There are 2 protein chains.
Amino acid sequence: MSKSSKKSKPGAAGKAGKKAAARGVLKLRISYGEGLILGPGKIDLLEAIERTGSISAAGREMGMSYRRAWLLVDELNRMFERPFVVASTGGASGGGAALTDFGRDVAAAYRRAEERTRIAVREELGPFDKGAR
Amino acid sequence: MSKSSKKSKPGAAGKAGKKAAARGVLKLRISYGEGLILGPGKIDLLEAIERTGSISAAGREMGMSYRRAWLLVDELNRMFERPFVVASTGGASGGGAALTDFGRDVAAAYRRAEERTRIAVREELGPFDKGAR
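So, a few notes on the structure that sits alongside this text.

Basis of the calculations
Residues numbered from 1 in each chain as written. Chains lettered and ligands numbered in written order. Predicted model: local features only at pLDDT ≥ 70, side-chain atom pairs only at ≥ 80, totals over all residues. Heavy atoms only, no water. Helix = DSSP H or I, 4+ residues; strand = E, 2+ residues; numbered from the N terminus. Buried < 20%, exposed > 50% of the residue type's maximum accessible area, 1.4 Å probe, protein only. Contact = heavy atoms within 4.5 Å. Areas by Shrake-Rupley, 256 points an atom, 1.4 Å probe, with all protein chains shown as cover. Least-squares fit on C-alpha atoms with pLDDT ≥ 70 in both. Buried area = accessible area lost by both parts, 1.4 Å probe. Salt bridge = Lys/Arg side-chain N within 4 Å of Asp/Glu carboxyl O. Polar contact = N/O pair within 3.5 Å; in protein donor to acceptor, adjacent residues only side chain to side chain. Nonpolar A, V, L, I, M, F, W, Y, C, P; charged D, E, K, R; others polar. Pairing = 2+ DSSP bridges. Expected span 1.5 Å × (residues − 1). Phe/Tyr/Trp six-rings, centres within 6.5 Å; stacked < 30°, edge-to-face > 60°.

Counting secondary structure elements, chain A contains five helices and four strands. Going from N to C terminus, chain A has its helices and strands arranged as α-β-β-α-α-α-β-β-α. Considering chain A as a whole, with its 133 residues, one finds that 44% of them fall into the buried category. Residue pairs in contact within chain A that sit at least 24 positions apart in sequence constitute 50% of those at least 6 positions apart. With the model as given, the accessible surface of chain A reaches about 7100 Å², and the carbon-plus-sulfur share is 54%.

Given below as structure tokens:
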């Protein structure tokens, strides 16, 4: 468990690459009440769980501790009435984690909203980029 | 100078009111590089400076110290090649601050992008709100 990941943001900046990172990389955070925030980090984590079938593997991939990954999943699962992630027991590996249909749908909807936001930011604020340092 | 405003977010939540605050209040943060972030707090501050003609009055209105308000303005003025805020000297009050045309244009563009984002979030994620706690 490394301590180096306290504030790492592997999401938007990581995927967008260096060039895009320099100008107008956006972060869309949606608050569902006291401390319950849906943002790029949690969605990245959900997608990593979908890909790896495991909370610990997903956390590792994102450079966060298992504890941090688990806390984020717990927060997600308390945010709506239905859970985003469920334990998938059994199998040789002794069980892992999987997204529910609901979790998959919300993650996809977030990505659609994010893409529309990206377009809006590019169109509205792009004209000022030439003046950005 | 109260110390209570270290992390206050008078922007989105404050304006949207209590009901809207419960579901999907969004925060659009656009990063222009290392620590240079355009977000709702800075835009609120710019609008308050426009309204009050003063950095200290704007900060007070937002419940932040003069120092904090000044640091945010300084960050904004270093973010692009042109400044957002200039000192307006003279007059009985001994000078205040005003937005440049550039600052006014970027703030307005941010608000347009934010409104488009709000619509996208409502359309894409709204259907899941009934499941939100």
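Further notes follow.
What follows is about the relation of the copies chain A and chain B. Overlay of chain A on chain B (RMSD 0.0 Å): rotation 180°, translation along the axis 0.0 Å. Considering both components of the superposition, the chain copies are consistent with a two-fold axis. Looking at the interface residues of chain A, 100% of them are also at the interface in chain B, so both copies use one shared face.

This part covers the interface of chain A and chain B. Each partner contributes residues to the interface: chain A has 41 residues there, and chain B has 41 residues. In this assembly, chain A packs against chain B so that about 3500 Å² is buried in total across both faces, 56% of it on carbon and sulfur atoms. One can count six salt bridges joining chain A with chain B. Along the contact surface separating chain A from chain B lie 11 residue pairs in polar contact (both at pLDDT 80 or more). Sorting the residues of the side of chain A that touches chain B by element identifies α1 (12-22), β1 (25-31), α4 (66-79) and α5 (101-125) of chain A as the ones contributing at least two each. The greatest single-element share of the side of chain A that touches chain B, amounting to 15 residues, is contributed by α5 of chain A. When grouped by side-chain class, the residues that make up the side of chain A that touches chain B number 21 nonpolar, six polar and 14 charged. Relative to strand β1 (residues 25-31) of chain B, β1 of chain A is paired through seven bridges, and the arrangement is antiparallel.

Here we take up the side chain of Thr117 of chain B. Tracing the chain through its elements places Thr117 of chain B in helix α5 (residues 101-125). The class of Thr117 of chain B is buried, set by a relative accessible area of 0%. In this structure the side chain of Thr117 of chain B is engaged in a polar contact, spanning 2.8 Å, whose partner is the backbone oxygen of Ala113 of chain B. Here Thr117 of chain B is in contact with Leu28 and Thr117 of chain A together with Leu26 and Leu28 of chain B, once residues within four sequence places are set aside.

Here we come to α4 of chain A. Residues and elements named next belong to chain A. Across its 14 residues, α4 extends 20 Å between first and last C-alpha, which sits within 8% of the 20 Å expected from 1.5 Å per residue. Residues Ala69, Leu72, Val73, Glu75, Leu76, Asn77 and Met79 constitute the buried set of α4. For α4, the secondary structure elements touched by its buried residues are β2 (37-38), α2 (40-52), α3 (55-61) and β3 (85-88).

This part covers the packing of aromatic side chains. The tally for this structure, following the rule as stated, stands at 10 aromatic pairs over all chains. Judged by centre distance (5.6 Å) and plane angle (65°), the rings of Phe80 of chain A and Phe102 of chain A are edge-to-face. In this pair, Phe80 of chain A sits in the loop between α4 and β3 while Phe102 of chain A sits in helix α5, placing the two residues 22 residues apart along the sequence. Classification of Phe80 of chain A as buried rests on a relative accessible area of 0%. Using a relative accessible area of 7% as the deciding quantity, one classes Phe102 of chain A as buried. Taking the centre distance of 5.5 Å and the plane angle of 75° together, the rings of Phe84 of chain B and Phe102 of chain B count as edge-to-face. Taken together, the positions of Phe84 of chain B in the loop between α4 (66-79) and β3 (85-88) and Phe102 of chain B in helix α5 put the pair 18 residues apart, joining distant regions of the chain.

This brings us to the environment of Val106 of chain B. Structurally, Val106 of chain B is set in helix α5. Sequence separation between Val106 of chain B and Ile43 of chain B is 63 residues, and the spatial gap between their C-alpha atoms is 9.0 Å. Filtering out sequence-adjacent residues up to four positions away, Val106 of chain B remains in contact with Leu125 and Phe128 of chain A together with Leu38 and Phe84 of chain B.

Once that is clear, we can look at the sheet that holds strand β2 (residues 37-38) of chain B. Pairing within the open sheet is antiparallel, and its four strands lie in the order β2(A)-β1(A)-β1(B)-β2(B). Looking along the sheet, the strands with just one partner apiece sit at the ends: β2 of chain A together with β2 of chain B.

Another point: the pattern of salt bridges. All names here are of chain A. Scanning the model with the defined rule gives 24 salt bridges over all chains in all. A salt bridge links Glu61 to Arg51; its shortest N-O distance comes to 2.3 Å. Taken together, the residues Glu61 in helix α3 and Arg51 in helix α2 connect sequence positions 10 residues apart. Accessibility expressed as a relative area gives 57% for Arg51, which makes it exposed.

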